[in-house]
Every structure is written in structure tokens, then in C-alpha cells.
Amino acid sequence: MVAVTTHTAQPPSRLTPSFIAMCLFVIALLLTVIQYVGLLPTLLYRLPEAWIPPFAAWLDVAFNFVRYDLALEKVTRWFAEGPLQFMLDTTANILYGKRRWPNFEQVPWSAVAAVAAVLGYSLGGWRLAVLAGATFIWTALIGQWKIAMETMSVLFVAAPLAFCLGLGLGILAWKFSWVDRAIKPILSVLQTLPFFTYLLPAVIFFKVGPTAGAVATIIYAIPPMVLMTTLGLKKVPPEIVEAGKMSGCTRWQMLRHVYVPSARTEILVGVNQVIMLCLAMVVLTAFIGMPGLGAKLLAMMGSFKLGRSFEIGVTIVLLAVTLDRLSKAWVVKLPKHFEKDTPWWIRNKYLIIGLGAFVSFTVLGQFVEWFAEIGRRQSFSQGKEIDTAIKSFLAIDAIQNTTMAIRYVLNVWILNPFRDFLLSIPTVAFIMLVVAGALALGGKRSGIYAAVFFSLVALTGWWDRSVITLYSVISAVILAVAIGLPIGILAARSKAWSERVLLICDTAQTFPSFIYLIPAIMLFGITATSVVMSILIFAMVPLVRYTIEGLRNVPPEMTEAADMSGATRMQKLWNVQLPLALPTMAVGFNQAIMFAFFMVIIAAFIGTQDLGQELQKTLAGTNMGKNFVLGICVSLMALTFDMAIMTWAETKKRALGL
């Protein structure tokens, strides 16, 4: 007789992330209701001050130990006043004739414009040549050459140093796994830290002005270079590596002649990102005494001279677009190979043409002053006229009534009630809601990180300011979704419209963040509506871009199957295209949130009551502990959303087989 053993099927665990998320949501709702009726204990509404650790004081002790006891400040000040100052003085002398050693003469604006046009033609043809040449011609004719070159002189130092440091760290991270594991969390934090957190340490260790601005810019621009270098080197095909080894290459030769050339595209993409981040940051360092376009724009916006602000904004945008297009053209342009006996002047014809143009216009500038320098009195600036036109336009009754109506509805009916509602939620309940969302999207790991990160924010003592920051971000992103998704969906229907809208998105992504404050202030003044609107414009770009890319990349066989089954256009959109495009759209949604966290700190210039305003105040002193704590609060909130959304997107991609 054979004994038959039976196994009782174990019921599936009910403690799934979705179930835990639902429980946390219900508990948070109950705690909020209890708070509204006045029965919730005070310690559950907000942490008592006695429970809040003095993180800022502890960090100040650590910073002072590094600064004074380890004498790091002496080393950094030597570097700032020695090698770094020499490099900045050299580029400044060349570009705008700063009278310091080594006392070079200023390069004529016409020579710079000519060389830029030749460079543009060599990389991308006549259109890029016109863009590059016209950008520098505009800058000179509008009377902004000196301040533009003040900005560019720092950029020409910061970008190469950021590239070299990022390339070196990227190679180390690729070569040694422990370096990769060690720097990845640091890079994640650096990419989410608000820019004010970079500025105060730079000022303290490298003194106010261009040196501090250059250092802050370099550190800010390094992370993408490290990540793209590591990615490119890891993607080198094994057969190329084997060919290099079989040819007898040493380790250095393998790196120089095999790995780096094979990773050329990714490395040059990193160069593009470094250049754009450097330009964005070098404008923002106006807050710590950096002269140039950023300082002038800050001064003009502070005095509400919108016409002059508009002209400076156009210059910044043109420079950003030109540098972006030149670096992207460099990425896609393949190296050109010549036959062995090709003459050197054919191999280097664009270099020769560029040198000839430079010498010709430099000589011409010695005889015709206009080709060497255009002063403010000789410029074609129309700042006052534009200012008058803008104010006349804004004074039109219809425009005033419309902007006032939008401002009233948003402030009184939406933004202020939403802010007050978020502030009324007990701290414990708020953390539970965030954890519930992270669990539902990213699973247990994302939920644990959300609980730890937001608990740390609560323990810093800056909870209310953090909630106000979050309110601005959420409000702007919701509005961006409401406006951006329909635009992306409509544009994705046509290839021609997709290309047009993506071109607009590409251009808008090159705008330095300061630019987005101008239309918001012009239309809505210094109000909460301006803050949300400036964030909205900045955050809408990735939403539109990734919506179009997600919908356009839906496999054609899926849409054909929907057509054959008789689905209408709306049914095909809702049941086929959007579900398949959602993982890509989630990346855009995540970037919109990251952009919003960045922009909300910039919007502190308008006047807010959030972490950005407190961060801006720290620049007036030496309280590095408080500065770092505030920056970490922003970083932790941004990382929480980033981890949850990106985990969901990756899980969804795997489930769909994408």
C-alpha cells in the first residue's frame, strides 16, 4: 500500500506592497481626521523641538574641523589665488581685456564671430555656421560683449576642468567596482542638491567672485560626465577588446586606443551635458558675486527693467543654443580619415580657414575700431523701448483682466487652499502617505527609502518649509501634466508635428533656468502664481518630449492589430498606445519632478516661504551646517520620487517586454 502525502497549498501572503500601502493610506486619513477634530496628540502633529537633533550644529563642528584644524581652507585659498586665478585671468584677458597679468590684448568680437562661424560650418554645415556667427554678432551689436565674455571666460576654464575630472572619475569607476559603488550614491545626491548648497562652501573655501563661481560650476557639472564615461566604457563590444589584446596593446594603450575611442559617442554626450550645466550654473553664480550675464540679469530683474532683462535673456538663450548645437554636432560627426599622402593643408583646411579669419579680423580691428569693440553708446540696444512696449502691453485692460483673473483663481481657490491643506496634515500621516505612494509604485525597497528619507526631513526641524517646497512642486507638475500631456498626445499623431514640437523642446531645454522667471514675473508679478508658473514652464518640457517619444515608439504591429480589430482612434490611444508608452512617459514625469525641485529653488528670487528662501539667506553668512541641512532636505525629497517612479518604469518595461 502506497502512502500518499498531501500538501496543503499555502495561501498567498496578504502583506503585499499594495495592501500595506492601502493600510497606511487609511491610517493617515484617520490621523488627519482626528487632527481636524482636535483630538490628535501634539507630538503626532509636529515633532516637539526637544526631539529634533541639532544636525546643523554638528555639521558646523565638522566643517570647522576640516576648515581650520585640517587647514583645508589654506590649501583651497592657495589654489584659488594661484593656479585657478591665473587660468581665469588668462581667459578674461583674451576675451575682454581684463588688465591683469599676463596682460593679453582683448580679442576683437569680429574675430570670435568669424571663428565661431567656421567652427559651426565644419561641424554642421551652413545653418550651424549662421547660428554660431549670428549669436556673437548679436552679442556685440546689442552692447553685451563684455558681460557675455565675463561669463564665457569662466566657462572656458570650468568646462575643461569638469570634463577632465569627470573623465578620470568615470574611468576609475569603470575599472574598480568599489569606486563605482562608492561614488554612485554621492553622484545621486549631487544631482538633486539645490544649487545654493554648492555656493556657500565655494565662497568659504575659494573666496567670493569668479574663483568660487568656477569651483561651484565644476562640481555641479561633474556627475553626468562620470556617469556617461562609465556607461560608454562598459558598453565597449568584447570583440573590439579582444582585437586590442591580440595586437599586444598595453593597459594604457588599451585605454587610449581601444576603450576611449569606442566609447566616443557616450563621452561626447557627457561633454555636451557638462557644457550646458556649466553655462546654467555660471549664470546662477551671480548670487555669489560672479560678474557677467547672470549678474546683469539679476540686477535688471531686481529693478524690474523687463526690456533689458529680455535682451540679456535672449543673449543667454542664443549662447546656450549655440553651444548645445555645436557640442551635439561634434557628437554625431564621425572622424574623417584621409589617404596616406593627402597634403596637410587638405587634412586641416577648416583649421587653416579659421586661423585666416581670426588673423584677418584681428588686423582689421586694429584699423577700424568698430570691428574691435562696440561700446554701449554705439550698440543697438532697445532695452528702454522694449521695456516701454512690455509695460504698455501689460497695461491693456484685456491682458490685465486675464492675468488678474488667473492669479486670483490660482491663488485664492487652488494654490493657497492646497498649501494650507498639506500643512494641516500631521507629520506622521504625511510620511505614511508618501510611503504608501512609494510602496504602490516602486515596491518595498522604495517604501523603506521613502520612510527613511522623509523621517530624516522631519527630524531636521524644517518640516513646514519642506512641505511648502513640495506644495510648489506638486502644484506645478500637476498643471504641467494637464497642459503638457495633451500637447504631446496631439503632436505624436503626426511625424511632422512631432519633429516641430521636439525641436521646440530641444531648444527650451537649453534655456538657463533664470529665463523662465521673466515671463512669469512679467505676467503675474511677484506672487505665488509666478512661482508655480515659472516651475510649470520649466517642468513641462520633459513631459511633452517623453510623451511624444513614448507614443511614436509604440511597435507598429500593435497599432496595426488595433486598426484591424476596428478600434477607433480614441480606443487605440487608451487601450494600446498609452499603456505601451507609459514607461517612457514615466521617465518624462520623473524628469519633470526633478526639474521642478531645481526650479523651485531658483524661484526663491521671486519671494517664497520655502527651503529656497532659507537657502538664499544662508549665502549672507557662514552657516554651512544650516545650508547643507536645507539642501539635503530638498535632495531627500527629490530622491524619494526619483527612486519610486524609475523603479515602476523599469518594472513596467520588463512586464511589457520592452
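Residues numbered from 1 in each chain as written. Predicted model: local features only at pLDDT ≥ 70, side-chain atom pairs only at ≥ 80, totals over all residues. Heavy atoms only, no water.

Caption draft 1: Region of interest: the overall build of the protein. Assigned secondary structure in the protein consists of 28 helices and 0 strands. What you see for the protein is a C-alpha radius of gyration of 28 Å, in line with the 26 Å of a compact globule of 658 residues. Each principal axis of the C-alpha distribution contributes one length, and for the protein these read about 105 × 70 × 65 Å. For the protein, contacts bridging at least 24 residues in sequence account for 80% of all contacts bridging at least 6. Per element, the accessible surface of the protein, about 32900 Å² overall, is 68% carbon and sulfur. Separation between the mean location of the 51 positive side-chain charges and that of the 33 negative ones in the protein comes to 2 Å. (Helix = DSSP H or I, 4+ residues; strand = E, 2+ residues; numbered from the N terminus. Rg over C-alpha atoms; globule rule 2.2 N^0.38 Å. Contact = heavy atoms within 4.5 Å. Areas by Shrake-Rupley, 256 points an atom, 1.4 Å probe, with all protein chains shown as cover. Lys, Arg positive; Asp, Glu negative; His and termini not counted. Charge placed at Lys NZ, Arg CZ, Asp CG, Glu CD.)

Caption draft 2: Structural view of the packing of aromatic side chains. The tally for this structure, following the rule as stated, stands at 24 aromatic pairs. A centroid spacing of 5.2 Å and a plane angle of 75° characterise the contact between F196 and F287, whose relative ring orientation is edge-to-face. Of the two residues, F196 sits in helix α9 (residues 196-206) while F287 sits in the loop between α13 (264-284) and α14 (293-302), which places them 91 residues apart along the sequence. Accessibility classification places F196 together with F287 in one group, the buried group. For the pair F418 and Y471, a centre-to-centre distance of 6.3 Å together with 55° between the ring planes defines the contact as tilted. (Phe/Tyr/Trp six-rings, centres within 6.5 Å; stacked < 30°, edge-to-face > 60°. Buried < 20%, exposed > 50% of the residue type's maximum accessible area, 1.4 Å probe, protein only.)

Caption draft 3: Summary view of the packing of helix α19 (residues 397-424) against helix α24 (residues 528-552). One way to put it is that α19 packs onto α24 with a least axis distance of 9 Å and a crossing angle of 95°. On the basis of their axis angle, the class for α19 and α24 is roughly perpendicular. Counted together, I406, R407, L410, N411 and L415 of α19 and A528, T529, V532 and M533 of α24 form the full contact between these two elements. Its residues placed into classes, the contact of α19 with α24 shows 6 nonpolar, 2 polar and 1 charged. (Axes fitted to C-alpha atoms, helices over the stretch in contact; angles between N-to-C directions. Parallel < 35°, antiparallel > 145°, perpendicular 65-115°, else oblique. Nonpolar A, V, L, I, M, F, W, Y, C, P; charged D, E, K, R; others polar.)

Caption draft 4: Seen up close, the confidence of the model for the protein. Mean pLDDT over the protein: 87, with 96% of residues reaching 70 or higher. For the protein, helix α16 (residues 344-347) is the element with the lowest average pLDDT, namely 77, and helix α20 (residues 427-459) is the one with the highest, namely 95. With pLDDT under 50 throughout, residues 1-9 is counted as low confidence; its partners more than four residues away or in other chains account for 0 contacts. (pLDDT = per-residue confidence, 0-100.)

Caption draft 5: Summary view of the environment of G232. Among the structural elements, G232 can be located in helix α10 (residues 210-234). Classification of G232 as buried rests on a relative accessible area of 2%. Between the alpha carbons of G232 and W497 there is a distance of 32 Å; along the sequence they are 265 residues apart.

Caption draft 6: Representation of the state of the cysteines within the structure. In the structure shown here, the tally under the stated rule is 0 disulfides. Looking at C278, it has no disulfide partner, and the nearest cysteine sulfur is the one in C164, 12 Å off. According to the relative accessible area criterion, C278 is buried, its value standing at 0%. (Disulfide = S-S within 2.5 Å.)

Caption draft 7: Region of interest: the pattern of salt bridges. Taken as a whole, this structure holds 17 salt bridges when the rule is applied. A salt bridge links K234 to D180, with the nearest nitrogen and oxygen atoms 3.2 Å apart. Note that K234 is positioned in helix α10 and D180 in helix α8 (residues 177-192), a separation of 54 residues in sequence. Note that K328 is salt-bridged to D324, the shortest N-O span being 3.4 Å. Of this pair, K328 and D324 both sit in helix α15 (residues 306-332), 4 residues apart, roughly one helical turn. Its relative accessible area of 35% is what places K328 among the partly exposed residues. (Salt bridge = Lys/Arg side-chain N within 4 Å of Asp/Glu carboxyl O.)

Caption draft 8: How the structure looks around the packing of helix α5 (residues 109-124) against helix α17 (residues 349-367). Look at α5 against α17: their axes get within 8 Å of each other, and the N-to-C directions meet at 165°. Relative to α17, the element α5 is oriented roughly antiparallel. Judged by the sense of rotation from one axis to the other, the crossing of α5 with α17 is right-handed. Contact residues: α5 offers S110, A111, A114, V115, V118, Y121 and S122, while α17 offers Y350, I353, G354, A357, F358, F361 and T362. Along the lines of polarity and charge, the residues of the contact of α5 with α17 split into 10 nonpolar, 4 polar and no charged. (Left-handed = near helix turned anticlockwise from the far one by under 90°.)

Caption draft 9: View of the nonpolar core. Among the nonpolar cores identified, the biggest contains 176 residues, and F195, L199, F430 and F514 are the most heavily contacted of them. Considering every element that reaches this core, the biggest residue donor is helix α7 (residues 145-175), with 15 residues. The residues touching F514, leaving out its near neighbours within four places in the chain, are V283, L284, F287, L297, L298, M301 and I602. Grouped together as the second largest cluster of nonpolar side chains are 11 residues, L551, L573, A581 and M585 included. (Core = buried A, V, L, I, M, F, W, Y, C linked by side-chain atoms within 4.5 Å.)

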